[in-house]
Amino acid sequence: HVLLSMHRPKLMMVGKMLAEDECEALIESARDRLEPSSVMDHKTGSSSQSTVRTSHGTFFRRGETELIQRIEQRLERFLAWPVDWGEGLQVLRYGLDHEYKPHHDYFSHLVTRTHAGQPLEGASQRVATVLLYLNEPEEGGGTAFTDVHLEVAPRRGMAVFFAYDRPYPTTLTRHSGCPVLAGEKWVATKWLRDRRFEDPLALPHPAADG
Ligand code: PD2
Ligand code: ZN
């Protein structure tokens, strides 16, 4: 159900990516484990809370539940991107006036390269984002692509996919989560990497000798 597709920025809106009951179940599985969202400092790579992003959220491990496995497999088929080249799903709740101010999702070169400009060993880069809308706020809460003056209305089960092949503003992927003006907004984010990504939340592998 591709509803809109464009090249600059590389962006797609897709209807019916999730079923109603999947949206509901994802919200319920996240509700009791939400924490204030944080943002990354592009100079140091460390995360902290900020007025840039006032939502609450939680990360799921890749494949953490049967539902998450099903969603990740669907995204893998649809996007032709391996599950283990993606971060775990993050579920976010925005209450009244909560927002995510304009930003890019890729990491600055400052955190993925050494001072000499060499790639940091093992550091993968984000190259695409999938947003999955889990409900519909009464007012506000759209996702705005500020370079091209496009605003996407959150519709339950709909996905927005956008890709940035380089960590540069010329990808035109600067975007924001607009403030929620009435009701609440639930959304899930999946960030895709340019190579296999070790999930930091992954459970340790059982020892080979048991
Ligand atoms: O919730 C959103 O609409 C939104 C907007 C911008 C989410 C993100 N960025 C994100 O999670 O990166
Ligand atoms: Zn974003």
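Anyway, here's the lowdown on the structure attached to this text.

Rules behind the numbers
Every residue gets a number counted from 1 within its own chain, in the order that chain's sequence is written. For naming, the first written chain is A and the first written ligand is 1, with later ones following in the order written. For a predicted model such as this one, the threshold for reporting local features is a pLDDT of at least 70, and the threshold for listing and counting side-chain atom pairs is 80 or more; totals across whole chains, interfaces and linings nevertheless cover every residue. Only heavy atoms go into the side-chain values, all of them from the structure, while hydrogens and water stay out. When DSSP finds at least two bridges between two strands, those strands are taken to pair. Put simply, DSSP marks the helices as runs of H or I at least four residues long and the strands as runs of E at least two long, and each gets a number from the N terminus on. Pairs of residues are marked as contacts when any of their non-hydrogen atoms sit within 4.5 Å. To obtain an axis, a line is fitted to C-alpha atoms, over the contacting stretch when the element is a helix, and the angle between two such axes runs from 0 to 180 degrees between their N-to-C directions. N or O atoms within 3.5 Å of each other form a polar contact, as long as, within protein, one can give a hydrogen and the other can take it, and as long as residues adjacent in sequence are counted only when both atoms are side-chain atoms. Whether a set of points on the 1 Å grid over the protein atoms alone is a cavity depends on a 1.4 Å probe fitting there but being unable to get out, while an open set qualifies as a pocket with protein on both sides within 12 Å along at least five of seven lines; lining residues are those with an atom within 4 Å of a point. Grid points are joined across faces, edges and corners, and a volume is the space filled by probe spheres set on the points. Polar here means any residue other than Ala, Val, Leu, Ile, Met, Phe, Trp, Tyr, Cys and Pro, which are nonpolar, and Asp, Glu, Lys and Arg, which are charged; Gly is therefore polar. Think of the donor list as every N, O and S atom within 2.8 Å of the metal, or within 3.2 Å for Na, K and Ca; water never makes the list, so a site can look incomplete. Exposure categories follow from relative accessible area, calculated using a 1.4 Å probe and restricted to protein chains: below 20% of the type maximum is buried, above 50% is exposed, and the middle band is partly exposed.

### Examining the sheet that holds strand 9 (residues 126-133)
Phase 1 of the analysis: Strand order in the open sheet formed by eight strands is 1-2-13-9-16-7-6-3, with antiparallel pairing between adjacent strands. Edge positions in the sheet fall to strand 1 (2-6) and strand 3 (35-36), since each has one partner strand and no second.
Phase 2 of the analysis: Along the sheet, helix 2 (residues 66-79) makes contact with strand 1, strand 2 (10-14), strand 9, strand 13 (159-163) and strand 16 (185-193), crossing strand 9 at roughly 125°.

### Some points on the side chain of His-175
Phase 1 of the analysis: In this structure, His-175 sits in strand 14 (residues 175-177).
Phase 2 of the analysis: Polar side-chain contacts of His-175 include one of 2.8 Å to the backbone oxygen of Thr-173.
Phase 3 of the analysis: Look past the residues within four positions of His-175 in its chain and what remains in contact with it is Lys-101, Pro-102, His-103, His-104, Asp-105, Ala-144, Phe-145, Thr-146 and Phe-162.

### Remarks on empty space enclosed by the protein
Phase 1 of the analysis: Scanning all chains against the criterion turns up three cavities of 30 Å³ or more.
Phase 2 of the analysis: What the largest cavity holds in volume is close to 150 Å³.
Phase 3 of the analysis: Forming the boundary of the largest cavity are 17 residues, of which Tyr-94, Tyr-100, Leu-131, His-175 and Thr-189 lie nearest the centre.
Phase 4 of the analysis: Broken down by element, the lining of the largest cavity gets its largest block of residues, four residues, from strand 16.
Phase 5 of the analysis: Among the residues forming the lining of the largest cavity, the class breakdown is seven nonpolar, seven polar and three charged.

### Side note on the coordination of the zinc ion (ligand 2)
Phase 1 of the analysis: Those protein atoms acting as donors to the zinc ion (ligand 2) are His-103 (NE2), Asp-105 (OD) and His-175 (NE2), and they sit at 2.1 to 2.2 Å.
Phase 2 of the analysis: Positions of the donor residues of the zinc ion (ligand 2) along the chain correspond to the pattern H-x1-D-x69-H. For the pair formed by His-103 and Asp-105, the shared burial category is buried.

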